[in-house]
Amino acid sequence: MEENMKLATVEDTVEYHLFLIPDEPRDPEKHKEILQKYIERIMTHFAPMLVPYIWQNQPFNLKYKPGKGDVPAHMFGMTKFGDNIEDEWFIVYVVKQITKEFPELVARIEDNDGEFLLIEAADFLPKWLDPDNSANRVFFHQGELCIIPAPRKPGAVSWLPSTPPTIPQALNIISTHPEKILASDSIQAAVNRRIRGYPEKIQASLHRAHCFLPAGIVAVLKQRPRLVAAGVQAFYLRDPIDLRACRIFKTFLPETRIMASVTFTKCLYAQLVQQRFVPDRRSGYKMPPPSHPQYRAHELGMKLAHGFEILCSKCSPHFSDSKKSVMTTSPLWAGFLESLKKNDYFKGLIEGSAQYQARLEMAKNYFQLSVNRPESSLALSPGEEILTLLQTTPFDIEELKKEEANLPPEDDDQWLDLSPDQLDQLLQEAAGKREAEPISKKEEQNYDLTQVSESMKAFISKVSTHKGAELPREPSEAPITFDADSFLNYFDKILGPRPHESDSDDLDDEDFECLDSDDDLDLKTQGTGEEASLKGTLNDLKSYMAQMDQELANTSVGKSFTTQKQMEPLSQTTSNNSDEEDSGAGGSVMTPVDVDLNLVSNILESYSSQAGLAGPASNLLQSMGVQLPDNTDHRPTSKPMQD
């Protein structure tokens, strides 16, 4: 019955902090009042963008956080984004826009991995910046990413501490030297690339699909579209205990099912579609054959119904009424609603109309979750919220059935099945690389294959370390580095080895004179002996290689390589036949292998065998910036590729 069951794991979480600058001493109660006013202004200003957003787990939220230790009182939020990484980057966009809209605010943001903004821009960070000294250095201010630098020497810059700054120190630096702490253009670009396209990108992340659902779920989603996330997560993270509630449905009966249009995020839709699941026979959720034109709608509705039933089974139908009145009794609600009206949240809709009421319900829900979050003991669970809506929101099944004829069309879900080219493009965009321009026919005809061999030689000549092989860079991309040890070793090879250093530091003039006399002669003698030994080793190695060549000459291995002789003109080959016959009595002539030609031909053969898919040849060449034209010669190859 059950396949691909996924157990719940630790949720990925992002935290964000908003500080008010300048950080001057204030009365704690007055400061709290100021920050709470900012929370109301921020959440109201960004309500049109945040209210309709469907979050994977938790929404963007802010609350007052009192000062503790050297961290002053500030606005704080935390969101569990789970499997949808786009929620985290949307929050980055929101936080950045908050500091742009309110320039007196400074924000810092981190997740389970720490300073994930620095991780995103890892290829462009200065050498001195590492996880050990990055604490309290990365902030958003006036919509710009700022990195507080470290002095090269302690005390070299009066306004820079020699150790990672405290929050008060960082806020003071940002307020007094904002122009000196801006992150470099390349770092800014790396972060901006991940949040490019918002807020328009929100619509692109949604997927609308038809689902055959119980009428109760349809009514709930009309009031709370965001609850689709809780339903999908309950199904996606189900366990055998959860499924006991789905043997016989008590809340969402299968005979009440109707066709409805449901809006998912692409992440939620993929989670629901990709898991295979067969319902219990006792549940009453019978599925049509896979060939049925509405099979997908039935399958999606069945899975979503299981998720909603699981949510409702985890709470008592007679939970405390005190939870239901948390929002309406809040003194902040009236002011928040008035602010929404001033910001044209209702778009001129007539008060009391169906569309006005729908937006009002969404605003109430947003206010409860993001602005006036109750204590955990009073917060409604998704199941309790669903049951409350079922009890307080009447619905007519016949009216809902009439809407089936006017459902909006479904979105195409072809994005679930990416082609190799589309996947490569997404990976390149994620890595920040430009998309390679297609090669024209003229360029194909004049393609220079020496680029392949030269790039491969450059790659082979690089010295690899425990961190891996280093790919050749463009001259403009190559970092300027100076390795003092390599520099000294290079001169050692030219000038000879340096004398052994004494363990004592107190050498007088007589010591230096001694080094210039007898010891110098000993060093020259030692250097001459080492040079002779090196020449002897090289001669032995050459002799060994020559013997190997002679042995291989009697095998067929050499026939698999293209030699320089095979590439000579036919006339020259014919004229040399007599010379070869004369020399044949004394031994076979070793014709040099054309290394470049063999290298290129083997790479091309490997590239051709990939048949347009990803493979070692294309991956290696693309990493070196070499793009080959498409293969138009489909003749079978007979020569095996050499390693």
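What counts as what
Residues numbered from 1 in each chain as written. Predicted model: local features only at pLDDT ≥ 70, side-chain atom pairs only at ≥ 80, totals over all residues. Heavy atoms only, no water. Helix = DSSP H or I, 4+ residues; strand = E, 2+ residues; numbered from the N terminus. Buried < 20%, exposed > 50% of the residue type's maximum accessible area, 1.4 Å probe, protein only. Contact = heavy atoms within 4.5 Å. Pairing = 2+ DSSP bridges. Axes fitted to C-alpha atoms, helices over the stretch in contact; angles between N-to-C directions. pLDDT = per-residue confidence, 0-100. Lys, Arg positive; Asp, Glu negative; His and termini not counted. Salt bridge = Lys/Arg side-chain N within 4 Å of Asp/Glu carboxyl O. Polar contact = N/O pair within 3.5 Å; in protein donor to acceptor, adjacent residues only side chain to side chain. Parallel < 35°, antiparallel > 145°, perpendicular 65-115°, else oblique. Nonpolar A, V, L, I, M, F, W, Y, C, P; charged D, E, K, R; others polar. Expected span 1.5 Å × (residues − 1). Patch = residues over 30% accessible without salt bridge, like charges linked within 9 Å, V, L, I, M, F, W, Y side chains within 5 Å. Areas by Shrake-Rupley, 256 points an atom, 1.4 Å probe, with all protein chains shown as cover.

## A look at the overall build of the chain
Then, number 1: Broken down by element type, the chain carries 26 helices and 8 strands.
Then, number 2: By the burial criterion, 35% of the 643 residues in the chain qualify as buried.
Then, number 3: Considering only intrachain contacts with a sequence separation of at least 6, the fraction spanning at least 24 residues in the chain is 79%.

## Structural notes on the sheet that holds strand 2 (residues 63-65)
What links the strands of a sheet is backbone hydrogen bonding, and the strands pair in either a parallel or an antiparallel sense.
Then, number 1: Spatially, 2-3-1-4-5-6 is the arrangement adopted by the 6 strands of the open sheet, whose pairing is antiparallel. Every interior strand has two partners, whereas the edge strands, strand 2 and strand 6 (144-147), have only one. Recorded for the sheet is a direction-independent mean angle of 35° between the axes of neighbouring strands.
Then, number 2: Strand direction decides the pairing type here: strand 4 (residues 105-111) and strand 5 (residues 138-141), joined by 2 bridges, are antiparallel.

## Some thoughts on the confidence of the model for the chain
Then, number 1: Here the chain averages 79 in pLDDT, while 71% of its residues score no lower than 70.
Then, number 2: The low-confidence segment residues 474-480 (pLDDT under 50) makes 2 contacts with residues lying over four places distant or belonging to another chain.
Then, number 3: Across residues 499-525 the pLDDT falls below 50, and counting only partners more than four positions away or on other chains, this stretch makes 6 contacts in the model.

## Comments concerning the side chain of Arg257
Then, number 1: With respect to the element layout, Arg257 can be found in strand 8 (residues 257-265).
Then, number 2: The charged side chain of Arg257 is buried without a salt bridge, its nearest counter-charge being Glu255 at 7.3 Å.
Then, number 3: A distance of 2.9 Å separates the side chain of Arg257 from the backbone oxygen of Pro254, its partner in a polar contact.
Then, number 4: For Arg257, the contacting residues outside a window of four places in its chain are Phe212, Leu213, Pro214, Gly284, Tyr285, Lys286 and His298.

## So, the packing of helix 8 (residues 215-223) against helix 12 (residues 295-313)
Then, number 1: Two elements in contact, helix 8 and helix 12, have axes separated by 11 Å at closest approach and are oriented at 80°. When the axis of helix 8 is compared with that of helix 12, the two are roughly perpendicular. Of the residues in helix 12, those touching helix 8 at Ile217, Val220 and Leu221 are Leu304, Ala305 and Phe308.
Then, number 2: Each residue belonging to the contact of helix 8 with helix 12 can be placed in one class, and the counts come to 6 nonpolar, no polar and no charged.

## Focus: the pairing of strand 5
Two faces, one strand: in a regular strand the side chains alternate between the faces of the sheet.
Then, number 1: Side chains Val138 and Phe140 of strand 5 all project onto a buried face; the interleaved residues Phe139 and His141 project onto the opposite face, where all are buried too.
Then, number 2: Pairing geometry for strand 5 and strand 6, over 4 bridges, is antiparallel. Counted as the bridge partner of Phe140 is Leu145 from strand 6.
Then, number 3: A loop of 2 residues connects strand 5 with strand 6, the two strands running antiparallel in sequence, and Gln142 in this loop sits at a positive phi of about 55°.

## Section: helix 12
Then, number 1: The terminal C-alpha atoms of helix 12 lie 27 Å apart, and with 19 residues this matches the ideal 27 Å at 1.5 Å per residue to within 8%.
Then, number 2: When you tally the buried positions in helix 12, you get 16 out of 19 residues, the bulk of the element.

## Looking at the pairing of strand 7 (residues 206-214)
Then, number 1: With 8 of its 9 residues buried, strand 7 lies for the most part within the structure.
Then, number 2: Two elements, strand 7 and strand 8, share 9 bridges in a ladder whose sense is antiparallel. Paired with Cys211 across the bridge in strand 8 is Ala260.

## Quick look at a nonpolar patch on the surface
Then, number 1: A cluster of nonpolar side chains, Leu541, Tyr544, Met545 and Met548, forms an exposed patch at the surface whose accessible area comes to about 380 Å².
Then, number 2: By the secondary structure assignment, Met548 is in helix 22 (residues 518-553).

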